[in-house]
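In case you want the letters, here they are:
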Amino acid sequence: MKLHTMSPSPNSRKVEATAIHLGLPLEVFQVDLTKGEHMSPEFTALNPNNMIPLLEDGDFKLWESNAILIYLSNKKPEAGLFPADPVKQVEVLRWLFWQSSHWAPACGALMWEHMWKAMVTGQPADDKLVAEAEGKFKRFGKVLNDHMADREWLVGESVTLADFAVGAFMTYADGAKFPYQDMEHVKNWLGRLEKLE
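Anyway, here's the lowdown on the structure attached to this text. Since the model is a prediction, treat every value here as computed from it, not as a measurement.

### As for the pairing of strand β2 (residues 27–30)
By the bridge criterion, four bridges tie strand β1 (residues 2–5) to β2 in an arrangement that is parallel. Among the inter-strand pairings, Lys 2 is bridged to a residue of β2, identified as Glu 27. With helix α1 (residues 10–22) bridging β1 and its parallel neighbour β2, the resulting β-α-β unit is right-handed.

### Description of the side chain of Asn 47
Along the polypeptide, Asn 47 turns up in the loop between α2 (41–46) and β3 (54–57). With a relative accessible area of 1%, Asn 47 lands in the buried category. In this structure the side chain of Asn 47 is engaged in a polar contact, spanning 2.9 Å, whose partner is the backbone nitrogen of Asn 49. Dropping the residues within four chain positions of it, Asn 47 is found in contact with Leu 54 and Trp 63.

### Remarks on a nonpolar patch on the surface
Residues Trp 112, Met 119 and Val 120 make up a contiguous nonpolar surface patch of roughly 340 Å² in combined accessible area. Among the secondary structure elements, Met 119 is positioned in helix α4 (residues 86–121).

### Structural notes on the environment of Arg 192
By the element assignment, Arg 192 lies in helix α7 (residues 184–194). Take Arg 192: its relative accessible area is 23%, and that puts it in the partly exposed class. Distance from Arg 192 to Val 159, taken between C-alpha atoms, is 9.4 Å for residues 33 residues apart in sequence. For Arg 192, the residues in contact, after removing those within four places along its chain, are Met 148, Arg 151, Glu 152 and Trp 153. For Arg 192, the side chain forms a polar contact with the main-chain oxygen of Glu 152, separated by 2.9 Å.

How each quantity is defined
Residues numbered from 1 in each chain as written. Predicted model: local features only at pLDDT ≥ 70, side-chain atom pairs only at ≥ 80, totals over all residues. Heavy atoms only, no water. Pairing = 2+ DSSP bridges. Helix = DSSP H or I, 4+ residues; strand = E, 2+ residues; numbered from the N terminus. Right-handed = clockwise from strand over helix to strand, strands pointing away. Buried < 20%, exposed > 50% of the residue type's maximum accessible area, 1.4 Å probe, protein only. Polar contact = N/O pair within 3.5 Å; in protein donor to acceptor, adjacent residues only side chain to side chain. Contact = heavy atoms within 4.5 Å. Patch = residues over 30% accessible without salt bridge, like charges linked within 9 Å, V, L, I, M, F, W, Y side chains within 5 Å. Areas by Shrake-Rupley, 256 points an atom, 1.4 Å probe, with all protein chains shown as cover. Salt bridge = Lys/Arg side-chain N within 4 Å of Asp/Glu carboxyl O.

If you want it as structure tokens, here you go:
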């Protein structure tokens, strides 16, 4: 399988982490977004959205990181990352949708303002946009922290795709100045994630 990626991206990182956890070999191709490689005709033919990550498995091309996670987990269903039990499976899907709809925008705005904006545009963080993003992060961070109060993993008794999808964004918690200092359950969960191979 071939993965077109930009490893620092949380959406790419969760795919790479899942593949490593499952022991699935990937031929990795780094796509340099700063040089516009994702806008080339060759890449557009693979992914009309012009975004990473993109997985190729023979003639099959798959974009959207959470769809890629499910595809990879189905290669090794015995690992349990996408549970066979329909209730747990839907719970994993709920967290994948939550990550895409709520968590990624909240985290991404802070990542942009505190990490990438100055690098890309030379402009400082916008205090108003930071305050808005912090409000969203705190709102959805509370949902995550409350959920983790009495459990080790997001769904069930072992790690699932939900943990990889949501956790990938926390790689940048300090650099992006996520306001998570009081989220003890989130911090404990991250500690467990970091101990995984």
